[in-house]
Amino acid sequence: MENYADLMFTEAVAGLQEAAGSRERYQTLYPHRTTEVLGGQERTFIEARQSFYIASINSDGWPYIQHRGGPAGFLKVVGPTRVACADYKGNRQYITQGNLATETRVSVFLMDYLNKARLKMQGHARLTPISDADPEVARALDLAPPAERVLVIDLVAIDWNCPQFIPDLYPAAVAQDAVARATRALSEEIAALKQELQRRDGA
C-alpha cells in the first residue's frame with residue numbers, strides 16, 4: 001500500500017500544513033506508519049466493527065457518504081489489502097453503486113467509539129452480483145440470498161486517526177451488560193441486608 005500522506009496531502013494541503021508549522025512533523029511521521037499489507041491489528045479491528053461509512057464520488061464530482069451496518073464480522077479481510085462485505089436490498093436509490101460505475105475511488109471510516117479508535121482507508125471499490133463474486137471472497141463471506149451483491153474494496157492506503165474528539169458512545173449490548181451487572185450486585189446487596197435484618201429481628 002501507499003504512504004497515506006503521499007496520497008492525501010496534496011499541494012494545497014501541504015501549503016496549509018507548512019503555514020501551520022505541522023508539515024515537517026507529518027513528513028517524518030507518516031513513512032513509519034505506512035504498511036504494505038493489513039496486519040493483525042487492522043484485521044482484528046476491521047472484523048470487530050458493526051458498521052462503517054463509505055464515501056464515493058458521482059460523475060459530477062459530488063461526494064456521497066453511506067452508512068453500512070451488520071453484525072460484528074460482516075466486513076471481512078479477504079486478502080492482504082482487500083476487504084469485502086455482502087450487500088443487501090436497501091432503499092433502491094443505488095447511489096453508491098451508480099457512483100462506482102464511473103469512479104471506483106472510495107474513502108472508508110471505521111469507528112470504535114467505545115475504545116476511541118478510528119481507522120481510515122482509501123481504495124478502489126466495486127459492487128457486483130453475488131453470482132459474479134470471486135470464489136474465495138464468496139467463501140469468506142458465505143454469500144447466499146438474501147444478499148444481492150458483494151462490495152469489494154482493494155485498499156491503497158490506510159491510517160489510524162487521532163482519538164481526540166471521538167465522543168463516548170457505548171454499544172447497546174455493552175450498556176445492557178453494565179446495567180445487568182449493576183442490578184445483580186444491588187439485588188445481592190439487598191438480599192444480604194434483608195437477611196441481616198431478619199437475623200437481628202430474631203435475636
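In what follows, the accompanying structure is described. Remember, predicted model here, so these are calculated numbers, not experimental data. (Residues numbered from 1 in each chain as written. Predicted model: local features only at pLDDT ≥ 70, side-chain atom pairs only at ≥ 80, totals over all residues. Heavy atoms only, no water.)

Observations concerning the pattern of salt bridges
How we decide: Any carboxyl oxygen of Asp or Glu within 4 Å of a side-chain nitrogen of Lys or Arg constitutes a salt bridge here. For helices the rule is a DSSP run of H or I covering at least 4 residues; for strands it is a run of E covering at least 2, with both sets numbered from the N terminus onward. The rule is simple: take the accessible area with a 1.4 Å probe, protein chains only, and divide by the maximum for that residue type; under 20% is buried, over 50% is exposed, in between is partly exposed.
Scanning the entire structure with this criterion turns up 15 salt bridges. Close ionic contact of Glu-47 with Arg-43 constitutes a salt bridge, the shortest N to O distance being 3.6 Å. Placement of the pair is Glu-47 and Arg-43 together in helix α4 (residues 40–48), with a separation of four residues, close to one helical turn. Glu-47 sits in the partly exposed class, given a relative accessible area of 25%. Overall, Arg-43 belongs to the partly exposed group, its relative accessible area being 39%.

Comments concerning the side chain of Arg-149
Here is the rule we go by: We define a polar contact as two N or O atoms separated by no more than 3.5 Å, with the added condition that, inside protein, one atom must be a possible hydrogen donor and the other a possible acceptor, whereas residues neighbouring each other in sequence contribute only through side-chain atom pairs. Any two residues having at least one pair of non-hydrogen atoms within 4.5 Å are treated as being in contact.
Mapped onto the elements of the fold, Arg-149 is located in strand β7 (residues 149–160). Within the local environment of Arg-149, its side chain forms a polar contact with the side chain of Glu-148, the two groups lying 3.0 Å apart. Once residues lying within four places of it in the same chain are set aside, the contact partners of Arg-149 are Cys-85, Ala-86, Asp-87, Tyr-88, Tyr-94, Gln-97, Leu-127, Thr-128, Pro-129 and Ile-130.

A word on a nonpolar patch on the surface
Where we set the bar: A patch consists of residues exposed above 30% relative accessible area that lack any salt bridge, with like charges linked at up to 9 Å and nonpolar side chains (Val, Leu, Ile, Met, Phe, Trp, Tyr) linked at up to 5 Å. Here the open area of atoms and residues is found with the Shrake-Rupley method and a 1.4 Å probe, where only the protein chains shown may cover a residue.
A cluster of nonpolar residues, Leu-114, Tyr-170 and Val-174, forms a patch on the protein surface that exposes about 270 Å² of accessible area. Inspection of the secondary structure puts Leu-114 in the loop between β5 (105–112) and β6 (117–129).

A look at the layout of surface pockets
To be explicit about the condition: Two kinds of site are reported from a 1 Å grid over the protein atoms alone, namely cavities, where a 1.4 Å probe fits but cannot get out, and pockets, open sets with protein on both sides within 12 Å along at least five of seven lines, and residues are called lining when an atom falls within 4 Å of a point. Grid points are joined across faces, edges and corners, and a volume is the space filled by probe spheres set on the points. Polar here means any residue other than Ala, Val, Leu, Ile, Met, Phe, Trp, Tyr, Cys and Pro, which are nonpolar, and Asp, Glu, Lys and Arg, which are charged; Gly is therefore polar.
Size it by volume and the largest pocket reaches roughly 530 Å³. Looking at the largest pocket, it is lined by 31 residues, and the ones nearest its centre are Arg-68, Ala-86, Asp-87, Tyr-88 and Lys-89. Counting only elements with at least two residues in the lining of the largest pocket, the list comes to β2 (63–69), β4 (82–87) and α5 (95–100). The element best represented in the lining of the largest pocket is β2, accounting for five residues. Along the lines of polarity and charge, the residues of the lining of the largest pocket split into 13 nonpolar, ten polar and eight charged. Forming the walls of the second largest pocket are 15 residues, and the residues nearest its centre are Arg-49, Gln-50, Met-111, Asp-112 and Pro-171. When its residues are assigned to classes, the lining of the second largest pocket shows ten nonpolar, three polar and two charged.

A short note on the packing of aromatic side chains
We apply this condition: Ring pairs are drawn from Phe, Tyr and Trp, using the six-membered ring of Trp, whenever the two centres fall within 6.5 Å, and their geometry is named by plane angle: stacked under 30 degrees, edge-to-face over 60, tilted for the rest. Look at NZ for Lys and CZ for Arg. If either is within 6 Å of the ring centre and within 35 degrees of the ring normal, a charge sits over the ring.
Within the structure shown, the criterion is met by six aromatic pairs. When the centroid spacing of 6.3 Å and the interplanar angle of 20° are considered together, the rings of Tyr-4 and Tyr-30 count as stacked. Within this pair, whereas Tyr-4 is found in helix α1 (residues 4–8), its partner Tyr-30 is found in helix α3 (residues 23–33), the two being separated by 26 residues in sequence. You'll find Tyr-4 and Tyr-30 in the same group, each marked buried. With 4.8 Å between their ring centres and 75° between their planes, Phe-45 and Trp-160 make a pair best called edge-to-face. A residue pair is termed long-range when its members are at least 10 positions apart, and Phe-45 in helix α4 and Trp-160 in strand β7 qualify at 115 residues. Accessibility expressed as a relative area gives 8% for Phe-45, which makes it buried. In this structure Trp-160 comes out as partly exposed when scored by relative accessible area, which is 24%. Clustering of aromatic rings is evident, with ring pairs tying together Tyr-4, Phe-9, Tyr-26 and Tyr-30. Residue placement shows Arg-25 over the ring face of Tyr-26; its charged tip is 4.7 Å from the ring centre. Cation over ring: Arg-49 sits above Phe-45, and NZ or CZ is 4.4 Å from the ring centre.

Describing the environment of Leu-100
When you line up the elements, Leu-100 lands in helix α5. Leu-100 gets classed as buried once you look at its relative accessible area, which sits at 9%. The spatial distance from the C-alpha of Leu-100 to the C-alpha of Arg-126 is 6.3 Å, given a sequence separation of 26 residues. In this structure Leu-100 touches Val-106, Ala-125, Arg-126, Leu-127 and Leu-151, once residues within four positions along its chain are discounted.

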